[in-house]
Amino acid sequence: MNAHTPIKFGKHVGMGKSVRRVEDGNFITGTGMYTDDVLATGALHAFVLRSPYGHASFKIESTDGAEALDGVKLVLTAKDIEEYGPIKCATIQTQIDGTQHASKDIPLLCKDVVRHLGDAVALVVAETLAQAKEAAELIEIDYDMKDAVVDTEGALGDDQPLVYQDLGTNLAYETEAGNVDEVEKAFKTADSVSELKLINSRLVCNYMETRSCRAEWSDEENRYTLTTGSQGVHGMRDALAKPCLNVEPEQLRVITHDVGGGFGTKVFPYREYPLCLIAAKRLGKPVRWVCERSEHFVTDAHGRDNVVTMRMAMDKDGKFLALDVDLIAAMGAYLHHYGPFIPSLGMTIATGIYDLNACRFHIRGVYTNTVPTDAYRGAGRPEAIYALERLVDKCAIDLGMQPDEIRRINSLKPDQLPHTTPFARTYDTGDFDAHMDKCMEAAKWNEFDKRNAAAKKNGKIRGIGMSTFIEACAFPGSEPAKVELNEDGSVKILIGTQSNGQGHKTAYAQFAAEALNMDIDQIEVRQGDTDELATG
């Protein structure tokens, strides 16, 4: 049996049944199709020259040496692509004063100033990657280093360097939500207040498959084709077509094959994609680019990087009265695609599982001379729950309570549901105390002291803790799908979601097999091509 031979499952493989994943034959035999596996005859190789400084003004003195090198086909700098737009932020926020903040978007290539280590300065396209790299070293650039700001909390200090002189501040935006008056009233009458300040560290994704792309232009069709690993081809198309390339969405076809990890970070448009498309059109040949592992650290959106101060107002029995949250979130050097929206996503579940009807959530996004931040594994929600649960533990410590005791006092009870939070999230059902009891039983919570004593005798340190994470991963709307019946009786399902390894093809086929009373091997699931489905 080769990797593409359908596996016979028979009927009765609907939802809830155990089936073998249909994707895995290709994956475990090395016959998957990732972006860099897609070969194109005569394809050229692109290399991006990046800033070695976190903040500097610069002038490109000469590209003559690079352009004269054997095999080099094109050298692009900012002046060569002035007719194209930047990578635009898609989530401008409404501020406290009702205005929408300005945005510092990502230039395809920097013109006079670089604002973070790895900022793109030039693109070189050559017959081989080695030639492109060698040519990049021959580009003559005069850099004038500037002071940089990298401290998230300190970015708003009066003595800090400015990422953008024209703004006069590193504040990117400021927003607030919740029932502010109720919060202020509760803190005035509270018997006790617990406070906690936390740093949520900056993270780099580091998926197994680095980003890559293949860019093509067709004179005959008058459109671009971009093949790249993504978390949704339609969003990628719409973000790049009109805003950046100045073409209608139908003039940009985006194709995604297998994806070796996404984690949020492959959702976004990145400057290498339009740069390669522009180069492909000018040269009349396909252009390929593959991100190197070290390059990934200074090109792909980072996650998190915020500082939060939280206060909880309580009565004499430890009942929560109000929560006050102040968050400073690093945006990096530019406002990335969803960057300003990510802290707001965390805000929507800021009260967790608790009976908290008064909450204020204050957010300040700040510019720093760092790689921009965006959605990463939970997109703001893990940060919010981590901070809340740490604060709940601090409340227990301050009041001399056990961590489960304070949670029982404050968790929502089944007869209080459905419950709508101050941020308009509705909890339909749940028995959070029963859930905690089961977890404590499974963890043998009551036997911890015995285990801890044994550990101490062996010179070891043992700890135990608890937290409850209620997720908000479903958002309004639906996923369009198209089902086609083939002449041989098989079915093809076209759907706009994009698997990054989660087994979508198996799940969708299993769902359809039950609904259609068919064998799972009679169902083909297709995704990742804007030509096959209009939206997704």
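Parameters at a glance
Residues numbered from 1 in each chain as written. Predicted model: local features only at pLDDT ≥ 70, side-chain atom pairs only at ≥ 80, totals over all residues. Heavy atoms only, no water. Phe/Tyr/Trp six-rings, centres within 6.5 Å; stacked < 30°, edge-to-face > 60°. Helix = DSSP H or I, 4+ residues; strand = E, 2+ residues; numbered from the N terminus. Lys NZ or Arg CZ within 6 Å of the ring centre and 35° of its normal. Axes fitted to C-alpha atoms, helices over the stretch in contact; angles between N-to-C directions. Parallel < 35°, antiparallel > 145°, perpendicular 65-115°, else oblique. Left-handed = near helix turned anticlockwise from the far one by under 90°. Contact = heavy atoms within 4.5 Å. Nonpolar A, V, L, I, M, F, W, Y, C, P; charged D, E, K, R; others polar. Salt bridge = Lys/Arg side-chain N within 4 Å of Asp/Glu carboxyl O. Buried < 20%, exposed > 50% of the residue type's maximum accessible area, 1.4 Å probe, protein only. Polar contact = N/O pair within 3.5 Å; in protein donor to acceptor, adjacent residues only side chain to side chain. Core = buried A, V, L, I, M, F, W, Y, C linked by side-chain atoms within 4.5 Å. Arc of directions from axis to C-beta.

If you walk through the whole model with that rule in mind, you get nine aromatic pairs. When the centroid spacing of 6.1 Å and the interplanar angle of 70° are considered together, the rings of Phe268 and Tyr338 count as edge-to-face. Residue Phe268 is located in the loop between strand E11 (252–255) and helix H6 (272–283), and its partner Tyr338 is located in the loop between strand E14 (320–332) and helix H8 (342–347); the two are separated by 70 residues in the primary sequence. What links up through ring pairs into an aromatic cluster is the set Phe268, Tyr270, Tyr273 and Tyr338. Here the guanidinium or amino end of Lys281 rests over the ring plane of Trp217, the centre of that ring lying 4.4 Å away. Lying across the ring of Phe187, Arg311 places its NZ or CZ 4.1 Å from the centre.

Geometrically, the link from Leu417 to Pro418 is a cis peptide bond, its omega value of 5° lying close to zero. Mapped onto the elements of the fold, Pro418 is located in the loop between helix H10 (403–410) and strand E17 (419–420). A positive phi angle, near 50°, is found at Ala379, a position not held by glycine. Topologically, Ala379 is positioned in the loop between strand E16 (373–374) and helix H9 (381–399).

Bringing the packing of helix H5 (residues 233–245) against H6 into the picture now. Their axes nearest at 11 Å, the elements H5 and H6 cross at an angle of 60°. As the angle between them shows, H5 and H6 are arranged oblique. For H5 against H6, the interelement crossing comes out right-handed. Two secondary-structure elements touch here, H5 through Met236, Leu240, Cys244 and Leu245 and H6 through Tyr273, Pro274, Leu277 and Ile278. Its residues placed into classes, the contact of H5 with H6 shows eight nonpolar, no polar and no charged.

Its location among the elements puts Val287 in strand E12 (residues 287–290). Linking Val287 and Ala215, residues 72 residues apart in sequence, is a C-alpha distance of 5.2 Å. The residues contacting Val287, other than those within four sequence positions of it, are Leu44, Ala46, Val125, Cys213, Arg214, Ala215, Cys276, Ala279 and Ala280.

It is worth spelling out the packing of H9 against H10 at this point. Following both chains from N to C, one finds H9 and H10 inclined at 110°, their axes separated by 9 Å at the closest point. In terms of their interaxial angle, H9 and H10 are classed as roughly perpendicular. For the pair H9 and H10, the contacting residues are Glu389, Val392, Asp393, Cys395, Ala396 and Leu399 in the first and Pro403, Ile406 and Arg407 in the second. When the residues that make up the contact of H9 with H10 are grouped by side-chain class, the tally is six nonpolar, no polar and three charged.

Scanning the entire structure with this criterion turns up 41 salt bridges. In this structure, the salt-bridge partner of Glu127 is Lys73, at a minimum N-O distance of 3.3 Å. Taken as a pair, Glu127 in the loop between strand E5 (120–126) and helix H3 (129–137) and Lys73 in strand E3 (residues 72–76) lie far apart in primary sequence, 54 residues in all. Looking at Glu127, the relative accessible area reads 40%, which means it is partly exposed. The partly exposed category is assigned to Lys73, whose relative accessible area is 39%. Between Glu389 and Arg407 there is a salt bridge; the shortest N-O distance is 3.1 Å. Placement of Glu389 in helix H9 and of Arg407 in helix H10 is noted, with a sequence separation of 18 residues between them. Looking at Arg407, the relative accessible area reads 1%, which means it is buried.

In this section: the side chain of Asp326. Mapped onto the fold, Asp326 is located in strand E14. A polar contact of 2.9 Å, which involves the side chain of Asp326, links it to the side chain of Arg364. Those residues in contact with Asp326, other than ones at most four positions away along the chain, are Val307, Val308, Thr309, His362 and Arg364.

Ranked by internal contacts, the top residues of the largest apolar core, which has 99 residues, are Leu252, Met312, Phe320 and Leu323. Among the nonpolar cores identified, the runner-up in size contains 13 residues, and Leu49, Ala126, Ala136 and Ile139 belong to it.

In this section: helix H11 (residues 432–442). Taken together, the buried positions of H11 are Phe432, Asp433, Met436 and Met440. Taken end-on, H11 shows its buried residues confined to a sector of 100°, consistent with a single buried face. Turned more than 90 degrees off the buried face of H11, the exposed positions are Lys438, Glu441 and Ala442. Residues of H11 that are buried sit in contact with H10.

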